[in-house]
Structure formats: C-alpha cells, structure tokens
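# Summary of structural features
The primary structure of each chain is shown beneath.
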Amino acid sequence: MARELQTRVIEVVHSIYGGALETESAPEWMLRPGRAECRRRWPLLQKIYTELTGLELPKTMPPREHRRLDAVLRRRGRHPLVLEVDEKQHFNVFREQTLRAYPTSVKLGFPKRLWNERCQQKKRLEGGGFGKPRPPLFPGDGGRHRQRAFRDALADILPPAHGWRPTLRVADFEVTDWIYGDQAKRRMKALLTARLS
C-alpha cells in the first residue's frame, strides 16, 4: 500500500509540475554523503547525527550506507526538485529531533510545524523491520527509525546546499482521502502552489 501511494503521488505531482522524472535515484552527492558532499552543512549534520546516536559521524560514509530519493523532477530553466512521500513511519520522536535542529536558514518545501505536530502525536514506534538495528551507523534499538530520520534530514538539508530547490514533502495523511479520486490533480495543484511558491 505504501509503495502504491508513493507511486500515485509521484504520478500526480509529475503531471502538474512536468519536466523529466527520475524515481528511486539520487545525485552523486546524496548517495553516500560525507564531509565533502555536505559542504557548509557538515557541522549541522554532525550535530544531528550525534544527537540521534551519541556517536560521531564519520567523514566518509560506509559503503553500505547509501541514500536514494523517492523522485527527482527536472524542468528546463529551473533548479532540480526532490520529491519525498512520507508515510507514517517517517513521523516519530527521532524525526522531530532532526526537525528541531534545523536553523531558519534551512529552506523547506513543506510545513515544518505540521510535520512536528504529527511527530508529537505518535506515541508508539513501529516494531519489526521498521526499528531494527542498522549498523554500522545506527546500531542498537530503534536503529532503522534513527537512520530514516537522519536520511530525511539529509534529503532536506543537502539539495539547497547544492543549488537545488527546497525538498518537497507530501505526507500520506494529507492525501490518502483524495489521491485516487477525480479531484486528485486539482487538490495536488493547490498543495503544490502553497509549497513551491
């Protein structure tokens, strides 16, 4: 169901935004971002990682730690745009922790306050594979939750540092009621107008 929703959101956004679409891909600087790829945002990302794990972020990402984006949209004459579709597992105490660490200079393509509120509403983390350890960077309980929160932070912070537009996020709870209906394009257009202006 989550993959189906993600595919549908990407399809509707692309039909409105236009341009070239790349799914499940990432620019080189996002695949395994270390100190060089993080540029001036390295201290911020170090701080976020340490707050999440109590560990120090290595200057080079380990080979098994790589990041893909839900979609990248490219239009002629515009900076590229990352689109991320956030399902329920993206909202929790760890994601709230990363969002709180963002200075106002981090430009966002989604309402941070709404994301924080949703994170605060969640009282119980998903179990099983959603929370298992993800060594080497995210060992221990809740490793996958912490990894997801950190990867979301990377996807928010790095694109503008590389001259891209602020990352557009669309949450499942915002669109589930209408994304498959006749009004999907109209309603998504309103959402995009608010987020991309």
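Our subject is the structure listed above.
All of the points below concern the structure found in this document. Residue indices begin from 1 for each chain and proceed along its sequence in written order. Local features are withheld for residues below a pLDDT of 70 in this predicted model, meaning they are given only at 70 or higher, and side-chain atom pairs are given and counted only at 80 or more; totals for whole chains, interfaces and linings count all residues. Hydrogens are left out, water is left out, and the side-chain values use all remaining heavy atoms of the structure.

### Here we look at the overall build of the chain
Broken down by element type, the chain carries 9 helices and 4 strands. Secondary structure elements in the chain, listed N-terminal to C-terminal, are α-β-α-α-α-β-β-α-α-α-β-α-α. C-alpha atoms define the radius of gyration, and 2.2 Å times the number of residues to the power 0.38 defines the globule rule. For 197 residues, the compact-globule formula gives about 16 Å, and the C-alpha radius of gyration of the chain, at 16 Å, lands near that figure. Each principal axis of the C-alpha distribution contributes one length, and for the chain these read about 50 × 40 × 30 Å. Think of it in three bands: residues with accessible area under 20% of the maximum for their type are buried, residues over 50% are exposed, and the middle band is partly exposed, with areas taken using a 1.4 Å probe on protein chains only. Counting across all 197 residues of the chain, residues that qualify as buried make up 51%. With residues, only the protein chains shown are counted as cover, and all accessible areas are computed by Shrake-Rupley using a 1.4 Å probe. As displayed, the chain has an accessible area near 10000 Å², and 49% of this comes from carbon and sulfur atoms. Seen as two clouds, the 39 positive and the 23 negative side-chain charges of the chain have centres 4 Å apart. Helix and strand labels come from DSSP, where a helix needs a run of H or I of at least four residues and a strand needs a run of E of at least two; each type is numbered from the N terminus. Positive charge is attributed to Lys and Arg, negative charge to Asp and Glu, and no charge count is given to His or to the chain ends. A charge is said to be at NZ when it belongs to Lys, at CZ for Arg, at CG for Asp and at CD for Glu.

### Considering the environment of N92
On the secondary structure map, N92 appears in the loop between β3 (81-86) and α5 (93-101). Judged by relative accessible area, N92 falls into the buried class, the value being 2%. For the pair N92 and A155, spaced 63 residues apart in sequence, the C-alpha separation works out to 17 Å. Every residue pair with non-hydrogen atoms within 4.5 Å of one another is taken to be in contact. Setting aside chain neighbours within four positions, we find N92 in contact with C119, K122, L125 and H145. Here the side chain of N92 touches Q89 through a polar contact of 3.3 Å, landing on its backbone oxygen. By the criterion applied in these results, polar contacts are pairs of N or O atoms within 3.5 Å in which, for protein atoms, one can donate a hydrogen and the other can accept it, and in which residues neighboring in sequence qualify only through two side-chain atoms.

### Some thoughts on the pairing of β3
Burial analysis of β3 places 6 of its 6 residues in the buried class, which makes it a mostly covered element. With burial as the criterion, each face of β3 is covered, one bearing L81, L83 and V85 and the other bearing V82, E84 and D86. We treat two strands as partners when DSSP finds at least two bridges between them. One ladder, built from 3 bridges, connects strand β2 (residues 69-74) with β3; its direction is antiparallel. Bridge pairing in β3 links L73 to L81. Sheet topology places β3 next to strand β4 (residues 168-171); 4 bridges connect them, and they run parallel. Residue D86 lies in a different strand from β4, and its bridge partner there is A171.

### Concerning the packing of α5 against helix α7 (residues 143-161)
The contact between α5 and α7 brings their axes to 8 Å, and the two run at 30°. One way to sum up the angle between α5 and α7 is to call them roughly parallel. The two elements α5 and α7 cross, and the hand of that crossing is right-handed. Residues F94, R95, T98 and L99 of α5 form the contact with α7, whose participating residues are H145, R146, A149, F150, D152, A153 and D156. In terms of residue class, the contact of α5 with α7 is made up of 5 nonpolar, 2 polar and 4 charged. For helices, the axis comes from a line fit to the C-alpha atoms of the stretch in contact; other axes are also lines fit to C-alpha atoms, and the angle between any two N-to-C directions lies between 0 and 180 degrees. Any angle from 65 to 115 degrees is called roughly perpendicular, while one under 35 is roughly parallel, one over 145 is roughly antiparallel, and all others are oblique. By definition, turning the near helix anticlockwise from the far helix through less than a right angle yields a left-handed crossing, and turning it clockwise yields a right-handed one. Following the grouping adopted for this structure description, the nonpolar residues are Ala, Val, Leu, Ile, Met, Phe, Trp, Tyr, Cys and Pro, the charged ones are Asp, Glu, Lys and Arg, and the polar ones are all others, Gly among them.

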